[in-house]
Amino acid sequence: MKKLLLPFLLLLFACSDEDPALEIPLEAEEKFSDEIFFSEYIEGSSFNKALEIVNLTGETIDLEAETYSIKKQQNGSGDWMSELMLTGEITKNDVFVISNESADIPELIENADQLKTGSPLDFNGNDPIGLFKDGELIDVIGETANADDFAKDQTLRRKKSITEPSKTYNNQDWEVLELNTIDDLGKY
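The paragraphs below set out a description of the structure included in this document. In this text, all values refer to a predicted model and were calculated from it rather than measured experimentally.

This part is about the environment of glycine 88. With respect to the element layout, glycine 88 can be found in the loop between strand E5 (81–85) and strand E6 (89–90). Glycine 88 gets classed as partly exposed once you look at its relative accessible area, which sits at 35%. When the C-alpha atoms of glycine 88 and isoleucine 61 are compared, they prove to be 8.6 Å apart, with 27 residues separating the residues in sequence. Apart from the residues within four sequence positions on either side, glycine 88 is in contact with Ile61, Asp62, Leu63 and Glu64.

Here the residue pair serine 119 and proline 120 is connected by a cis peptide bond, since its omega of 5 degrees sits within 30 degrees of zero. Looking at where proline 120 falls in the secondary structure, it is placed in the loop between strand E8 (114–116) and strand E9 (129–133). The backbone of serine 46 sits at a positive phi, close to 50 degrees, despite the residue not being glycine. By relative accessible area, which is 52% here, serine 46 ends up exposed. Here the phi dihedral of threonine 67 falls at roughly 55 degrees; this positive angle occurs in a residue that is not glycine. With respect to the helices and strands, the residue threonine 67 is situated in the loop between strand E3 (61–62) and strand E4 (68–72). Residue classification places threonine 67 among the partly exposed residues on the basis of a relative accessible area of 30%.

Across the sheet, six strands lie side by side as E8-E7-E2-E1-E11-E12; this open sheet has mixed pairing. Both outer strands of the open sheet, E8 and strand E12 (174–177), are each paired with one neighbouring strand and no more. Recorded for the sheet is a direction-independent mean angle of 20 degrees between the axes of neighbouring strands. Relative to E12, strand E11 (residues 155–158) runs antiparallel, the two sharing four bridges.

Most of E9 is tucked away, with four of its five residues classed as buried. Bridge analysis of E9 against strand E10 (residues 136–141) gives five bridges, and the strand direction is antiparallel. Residue pairing across strands places isoleucine 129 opposite isoleucine 141, the latter belonging to E10. With antiparallel pairing between neighbouring strands as the criterion, E9 and E10 make up a hairpin whose turn holds two residues, including aspartate 134 at a positive phi of roughly 50 degrees.

Rules behind the numbers
Residues numbered from 1 in each chain as written. Predicted model: local features only at pLDDT ≥ 70, side-chain atom pairs only at ≥ 80, totals over all residues. Heavy atoms only, no water. Helix = DSSP H or I, 4+ residues; strand = E, 2+ residues; numbered from the N terminus. Buried < 20%, exposed > 50% of the residue type's maximum accessible area, 1.4 Å probe, protein only. Contact = heavy atoms within 4.5 Å. Pairing = 2+ DSSP bridges. Axes fitted to C-alpha atoms, helices over the stretch in contact; angles between N-to-C directions.

Here's what the structure looks like:
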């Protein structure tokens, strides 16, 4: 009987909860970015303007609690103005769309998480747009303090290889699409 009991006890001990060999590793949260950033810019005809922000941080972001805002530089003046405080949340791996509520393309309104008439959602191709957190610039579309057109009558879509915001605009980070291209707005 002792001969049968010993292998049984060894087997029982080897399968106990204390055995690190039996621990199954938990998958870590996917995190690609330390901060949210612009993923799309629509400088369409008339009031057809929209901005998209993507969240690849692995966490839900409360935009109001963390004091996120958007500002613009009128004609590349160098002065940030017309602050729009962002409200709502961006869940992980999702986007947040801000559209001009006077847009006449219905999808711009339908896909919007936040609507705004006037500045800063009246930008044109030479108005740099900045994403701010607690008053500090974290991401920008357009070359600051420069009145040259960088995206007049165009849609810009950030390349998927870009996973962090940038305080310096690099046109190589963006795909350039035709006027009023909105087919990807609200998706990432």
